[in-house]
Amino acid sequence: GDHRDLHSFPTRRSSDLDINVNIISTIPVGTYPKYYKDLFVKSKEWNHRDKANDYEIGYVNLPFLKQLCRYYNFKKAILKLIESSHEPINIILYSLYLPIIKALKQVKKIYPQTNINIIVTDIVGEYGILPKNPIKAYFVKKYGKKVIDSINFVDSFVLLTDVMKIPLKIGNKPYVVV
């Protein structure tokens, strides 16, 4: 792949540069009622700096509904951002969270000129930490394989280690190790 050394990348914040950065996020909490007190996590707009249009994705905080809501709401927010832009956008995803990966895959089909980069901090499944319970471990491995099989549309990667490129099947796509 196109491996670049960390020192060749700029180290300034987006606020120091003349670029427009919008953040679309979702609060990482456990599901209601056992792991979080709220059934509904509300969407909200916020700004990390002047002229930014940041958005926090809301959802129904129940198993399966949470993931489905995040998929649809994230896809809707990204499409709105792309459609309001006058030029192709770059998306940096800080996660291997399957609902958002699936949303981005759909966005890429609609807007193939959109550049998508994923920052990979950990690999889920057989390459990560597995539960001791063999049934849970089986499902974690299955989920991890599904995630890895779903990222073939990603344009570039930021990895913590060079060996991550192998299970992620990066091939000749650009990546950087930080």
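Residues numbered from 1 in each chain as written. Predicted model: local features only at pLDDT ≥ 70, side-chain atom pairs only at ≥ 80, totals over all residues. Heavy atoms only, no water.

**Here we look at the packing of aromatic side chains**
Right, on to step 1. Applying the stated rule across the entire model yields 2 aromatic pairs.
Right, on to step 2. An angle of 80 degrees between the planes, with centres 5.2 Å apart, marks the rings of Tyr 138 and Phe 139 as edge-to-face.
Right, on to step 3. By relative accessible area, which is 46% here, Tyr 138 ends up partly exposed.
Right, on to step 4. The ring centre of Tyr 36 lies 5.8 Å from the NZ or CZ of Lys 37, which sits over that ring. (Phe/Tyr/Trp six-rings, centres within 6.5 Å; stacked < 30°, edge-to-face > 60°. Buried < 20%, exposed > 50% of the residue type's maximum accessible area, 1.4 Å probe, protein only. Lys NZ or Arg CZ within 6 Å of the ring centre and 35° of its normal.)

**A few points about the nonpolar core**
Right, on to step 1. Counting residues in hydrophobic clusters, the biggest one holds 36 residues, and the most contacted among them are Leu 104, Ile 118, Val 120, Phe 157 and Leu 168.
Right, on to step 2. Beyond its immediate sequence surroundings of up to four residues, Leu 104 is in contact with Phe 74, Ile 78, Ile 91, Leu 93, Ile 116 and Phe 153.
Right, on to step 3. Among the nonpolar cores identified, the runner-up in size contains 5 residues, and Val 29, Tyr 59, Val 60 and Cys 69 belong to it. (Core = buried A, V, L, I, M, F, W, Y, C linked by side-chain atoms within 4.5 Å. Contact = heavy atoms within 4.5 Å.)

**Observations concerning the confidence of the model for the protein chain**
Right, on to step 1. Across the protein chain, the average pLDDT comes to 87, with 89% of residues at 70 or higher.
Right, on to step 2. Of all the helices and strands in the protein chain, strand S1 (residues 3–4) carries the lowest mean pLDDT, 44, while strand S6 (residues 59–60) carries the highest, 96.
Right, on to step 3. The model gives residues 1–10 a pLDDT under 50, and that stretch makes 20 contacts with residues more than four places away or in other chains. (pLDDT = per-residue confidence, 0-100. Helix = DSSP H or I, 4+ residues; strand = E, 2+ residues; numbered from the N terminus.)

**What about helix H2 (residues 98–110)?**
In an α-helix, one turn spans 3.6 residues; hence positions three or four apart end up facing the same way.
Right, on to step 1. End to end, H2 covers 19 Å across 13 residues, agreeing with the expected 18 Å (1.5 Å per residue, within 8%).
Right, on to step 2. For H2, the complete set of buried residues consists of Leu 98, Pro 99, Ile 100, Ile 101, Ala 103, Leu 104, Val 107 and Lys 108.
Right, on to step 3. For H2, the elements touching its buried residues are helix H1 (65–84), strand S7 (90–93), strand S8 (115–120) and helix H3 (134–150). (Expected span 1.5 Å × (residues − 1).)

**Section: the side chain of Lys 108**
Right, on to step 1. Within the secondary structure layout, Lys 108 lies in helix H2.
Right, on to step 2. Side chain to side chain, Lys 108 and Asp 155 meet in a polar contact 2.7 Å long.
Right, on to step 3. Not counting residues within four places of it along the chain, the set of residues in contact with Lys 108 comprises Thr 114, Asn 115, Ile 116, Phe 153 and Asp 155. (Polar contact = N/O pair within 3.5 Å; in protein donor to acceptor, adjacent residues only side chain to side chain.)

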